[in-house]
Amino acid sequence: PGALPMPPRPPGRPWYKHPLLDWFFGSHAVVKVGVVVLLFGMGFFVKYAADQGWLNLPLRLAGAWLLGLALMAIGFRTQRRNPVYGTALQGGGFGIAYMTSYATQQLYNLIPAAVAFPVMLALTALCTAAALLSNARILASLATFGGFLAPVLTAAGPGDPFLLFSYLAVLNLGVLAVSWFKRWSELHLISFGATTAIAFLWGAENYGPPLLNLVQPFVAAFFLFHVALVIVQVRRSEHGRLGLIEGILLF
């Protein structure tokens, strides 16, 4: 008698707290699984149609590419009414168009790398713009990853290091520009990891002392890019503190 009642126990915290993980493992999981199945299904369908001789190969690939763009457009229009469905459709459409561009150049040799590369870059820019307009960080992550994957998928040889590192610099500048408006820290980790991986892969095969004067300014530029990303994100944070990803990048 007279004991104070026990305060209600707070609800258990979900094991995911990051919005990006929440998108994958939260509600509407069936929709997201359906989009993944659609991506694989389109790949198998194009291959099956090629084996069966349906229509001709350029028409089949063009149809798949246009389907990807159509899904992106439908997803963008659906975004306001249902963000989950809209984002899923946009991501699926981008994936279909991106994979079709890769297959057209690398698997079937119907277009040169000089054409496929700008197409992939344009898709990346389009998906990034849609992500900013829709406030969809999963789309921004997908576009960033696709942008860094483009030179790897379309590479036919070592290529010109100046063009490769200039392209990486443009992508890093794009991530820095996005971070000015959005605090999407996973983009910074993708940018840092992909830049480092591509640079090391290129260096292991192609670097030599004569390229020192070419490579050194880009190394300094990439260092400054990622320090600037940390500074921008700290200024955007509520209490001016480093988050986990910003701390990793700063280290």
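Before reading further, recall that the structure is shown in the block above.
Values in this document were obtained by computation on a predicted structure and should not be read as measured data. (Residues numbered from 1 in each chain as written. Predicted model: local features only at pLDDT ≥ 70, side-chain atom pairs only at ≥ 80, totals over all residues. Heavy atoms only, no water.)

### Structural notes on the pattern of salt bridges
Here is the rule we go by: For this document, the term salt bridge refers to a Lys or Arg side-chain nitrogen within 4 Å of an Asp or Glu carboxyl oxygen. Only runs of H or I of at least four residues qualify as helices and only runs of E of at least two qualify as strands under DSSP, and these elements are numbered from the N terminus. Burial here depends on accessible area, computed with a 1.4 Å probe over protein chains only, as a share of the maximum for the residue type. Under 20% is buried, over 50% is exposed, and the range in between is partly exposed.
By the definition in use, this model includes one salt bridge. Glu-186 serves as the salt-bridge partner of Arg-137, at 2.8 Å between the closest nitrogen and oxygen. Of this pair, Arg-137 sits in helix α6 (residues 137-153) while Glu-186 sits in helix α8 (residues 185-206), placing them 49 residues apart in sequence. In this structure, Arg-137 and Glu-186 share a single accessibility class: buried.

### Some remarks on a nonpolar patch on the surface
How we decide: Like charges are joined within 9 Å and nonpolar side chains (Val, Leu, Ile, Met, Phe, Trp, Tyr) within 5 Å, but only among residues with over 30% relative accessible area and no salt bridge; these make up the patches. Per-residue and other accessible areas were derived by the Shrake-Rupley procedure at a 1.4 Å probe size, with only the shown protein chains allowed to occlude residues.
A grouping of Leu-132, Trp-180 and Phe-181 is seen on the molecular surface, where their side chains present a nonpolar patch of about 360 Å² in accessible area. On the secondary structure map, Trp-180 appears in helix α7 (residues 161-181). Under the relative-accessibility criterion, Trp-180 is labelled exposed at 57%.

### Concerning the packing of helix α3 (residues 57-78) against helix α5 (residues 113-134)
A pair of packed helices can be characterised by two numbers: the angle between their axes and the separation between those axes. Filter applied, for reference: A fitted line through C-alpha atoms serves as each axis, taken over the contacting stretch for helices, and the angle formed by two N-to-C directions is quoted from 0 to 180°. Note that the term roughly parallel is reserved for angles under 35 degrees, roughly antiparallel for angles over 145, roughly perpendicular for angles of 65 to 115, and oblique for everything else. Each crossing is labelled by how the near helix is turned from the far one, with a counterclockwise turn of less than a right angle marking it left-handed and a clockwise turn marking it right-handed. Here, residues are in contact when the closest pair of their heavy atoms is within 4.5 Å.
Two elements in contact, α3 and α5, have axes whose closest approach is 11 Å; the angle formed by their N-to-C orientations is 15°. One way to sum up the angle between α3 and α5 is to call them roughly parallel. Viewed along their axes, α3 and α5 form a crossing whose handedness is left-handed. Each of Trp-65, Leu-69, Met-72 and Phe-76 in α3 lies in contact with α5, whose residues at this interface are Val-119, Leu-123, Leu-126, Cys-127, Ala-130, Leu-133 and Ser-134.

### Focus on the nonpolar core
Basically, it comes down to this: Residue types Ala, Val, Leu, Ile, Met, Phe, Trp, Tyr and Cys, when buried and joined through side-chain atoms within 4.5 Å, form a set referred to as a nonpolar core.
One finds Tyr-98, Phe-165, Leu-168 and Phe-222 to be the most contacted residues of the largest nonpolar core, which totals 35 residues. For this core, the element with the most residues is α7, which contributes nine residues. Leu-168 has contacts with Phe-148, Ile-198 and Phe-222, leaving out every residue within four places of it along the chain.

### A closer look at the side chain of Gln-79
The test is simple: The definition of a polar contact used here is a pair of N or O atoms within 3.5 Å, where within protein one atom must be able to donate a hydrogen and the other to accept one, and adjacent residues in sequence count solely through side-chain atom pairs.
By the element assignment, Gln-79 lies in the loop between α3 and α4 (83-107). Look at Gln-79 and you get buried, because its relative accessible area is 8%. At 3.1 Å, the side chain of Gln-79 forms a polar contact with the side chain of Thr-87. Contact partners of Gln-79, with chain neighbours within four places excluded, come to Gly-86, Thr-87, Gln-90 and Ser-134.

### Things to note about the packing of α3 against α4
Applied cut-off: Lys, Arg, Asp and Glu make up the charged group, whereas Ala, Val, Leu, Ile, Met, Phe, Trp, Tyr, Cys and Pro make up the nonpolar group; the residues left over, Gly among them, are polar.
At a minimum axis distance of 7 Å, the contact between α3 and α4 shows a crossing angle of 160°. Regarding the angle of α3 to α4, the classification is roughly antiparallel. Here the hand of the crossing between α3 and α4 comes out left-handed. On the side of α3, the interface is formed by Leu-61, Ala-64, Trp-65, Gly-68, Leu-71, Met-72, Ile-74, Gly-75, Phe-76 and Thr-78, while α4 contributes Tyr-85, Gly-86, Leu-89, Gln-90, Gly-93, Phe-94, Ile-96, Ala-97, Thr-100, Ser-101 and Thr-104. Here the residues of the contact of α3 with α4 are counted per class, giving 12 nonpolar, nine polar and no charged.

### Overview of the packing of aromatic side chains
So the rule is basically this: Aromatic pairs are defined between Phe, Tyr and Trp rings, using the six-membered ring for Trp, whenever the two ring centres lie within 6.5 Å; interplanar angles under 30 degrees are classed as stacked, those over 60 as edge-to-face, and all others as tilted.
Scanning the model with the defined rule gives nine aromatic pairs in all. Residues Phe-162 and Phe-218 carry aromatic rings whose centres are separated by 5.9 Å and whose planes lie at 70° to one another, so their mutual orientation is edge-to-face. With Phe-162 in helix α7 and Phe-218 in helix α9 (residues 212-236), the pair connects residues that are 56 residues apart, well separated along the chain. Owing to a relative accessible area of 13%, Phe-218 belongs among the buried residues under this scheme. With centroids separated by 6.5 Å and ring planes inclined at 65°, the aromatic side chains of Trp-202 and Tyr-207 adopt a geometry described as edge-to-face. Three or more aromatic residues joined by ring pairs form one cluster here, namely Phe-162, Phe-165, Trp-202, Tyr-207, Phe-218, Phe-222 and Phe-225.

### A closer look at α7
This is how the line gets drawn: Helix span is expected to be 1.5 Å times the residue number reduced by one.
For α7, with 21 residues, the first-to-last C-alpha span of 31 Å sits near the 30 Å given by 1.5 Å per residue. Three or more residues of α7 are buried, namely Pro-161, Leu-164, Phe-165, Tyr-167, Leu-168, Ala-169, Leu-171, Asn-172, Val-175, Leu-176, Val-178 and Ser-179. Of the surrounding secondary structure, the elements contacted by the buried residues of α7 are α5, α6, α8 and α9.

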